[in-house]
Amino acid sequence: MHLELRDTCDLALPGEDFRLVDSGRVRFHHFTGDGDRADPRFSRTEDPAVVKLCTTAFDAVWERAVPHGQYTV
């Protein structure tokens, strides 16, 4: 799926790339300003408020995203 960043201006998005591990855990991936992996490379949380923010953000982005095969520049 693909979504242009300009199409996310009205969404509350976490400041880091993340992966929803399951319904109660999130893993954040940390990068430097140059795009290299930071140290530590990732962190995890089970904080319900953070999990809810990430789940809501994921659902909102997924709803707007275009499948790669249908995306044109």
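Above this text sits the structure in question.
Residues numbered from 1 in each chain as written. Predicted model: local features only at pLDDT ≥ 70, side-chain atom pairs only at ≥ 80, totals over all residues. Heavy atoms only, no water.

A. Quick peek at the sheet that holds strand E2 (residues 25-31). Strand order in the open sheet made by the three strands is E1-E2-E3, with antiparallel pairing throughout. Looking at the sheet topology across the chains shown, the edges are occupied by strand E1 (17-22) and strand E3 (37-45). Here the strands of the sheet are splayed against their neighbours by 20° on average, with no regard to which way each runs. Bridge count between E1 and E2: five bridges; the pairing is antiparallel. (Pairing = 2+ DSSP bridges. Helix = DSSP H or I, 4+ residues; strand = E, 2+ residues; numbered from the N terminus. Axes fitted to C-alpha atoms, helices over the stretch in contact; angles between N-to-C directions.)

B. Quick look at the packing of aromatic side chains. Inspection of every chain in the model, using the stated rule, returns two aromatic pairs. Residues Phe18 and Phe28 carry aromatic rings whose centres are separated by 6.4 Å and whose planes lie at 55° to one another, so their mutual orientation is tilted. One end of the pair, Phe18, is in strand E1; the other, Phe28, is in strand E2, with ten residues separating them in the sequence. Judged by relative accessible area, Phe28 falls into the buried class, the value being 12%. The aromatic ring of Phe42 is capped on one face by Arg27, whose charged end is 3.6 Å from the ring centroid. (Phe/Tyr/Trp six-rings, centres within 6.5 Å; stacked < 30°, edge-to-face > 60°. Buried < 20%, exposed > 50% of the residue type's maximum accessible area, 1.4 Å probe, protein only. Lys NZ or Arg CZ within 6 Å of the ring centre and 35° of its normal.)

C. The arrangement of helix H1 (residues 48-64) in detail. Compared with an ideal rise of 1.5 Å per residue, which puts 17 residues at 24 Å, H1 spans 25 Å between its outermost C-alpha atoms and is within 8% of the ideal. Taken together, the buried positions of H1 are Val51, Cys54 and Ala57. Burial along H1 is one-sided: seen end-on, the buried residues are contained in an arc of 135°. Among the exposed residues of H1, those pointing more than 90 degrees away from its buried face are Pro48, Ala49, Lys52 and Glu63. Where H1 is buried, its residues meet E1, E2 and E3. (Expected span 1.5 Å × (residues − 1). Arc of directions from axis to C-beta. Contact = heavy atoms within 4.5 Å.)

D. Summary view of the pairing of E2. Connecting E1 to the antiparallel partner E2 that follows it, the hairpin turn spans two residues. With five bridges connecting them, E2 and E3 associate as antiparallel partners. In the sheet register, Val26 faces E3, and the bridge partner there is Thr45. As consecutive antiparallel partners, E2 and E3 are separated by five residues, and within that stretch Gly35 has a phi angle of approximately 90°, a positive value.

Geometric descriptors of this kind do not, in isolation, establish any biological role.
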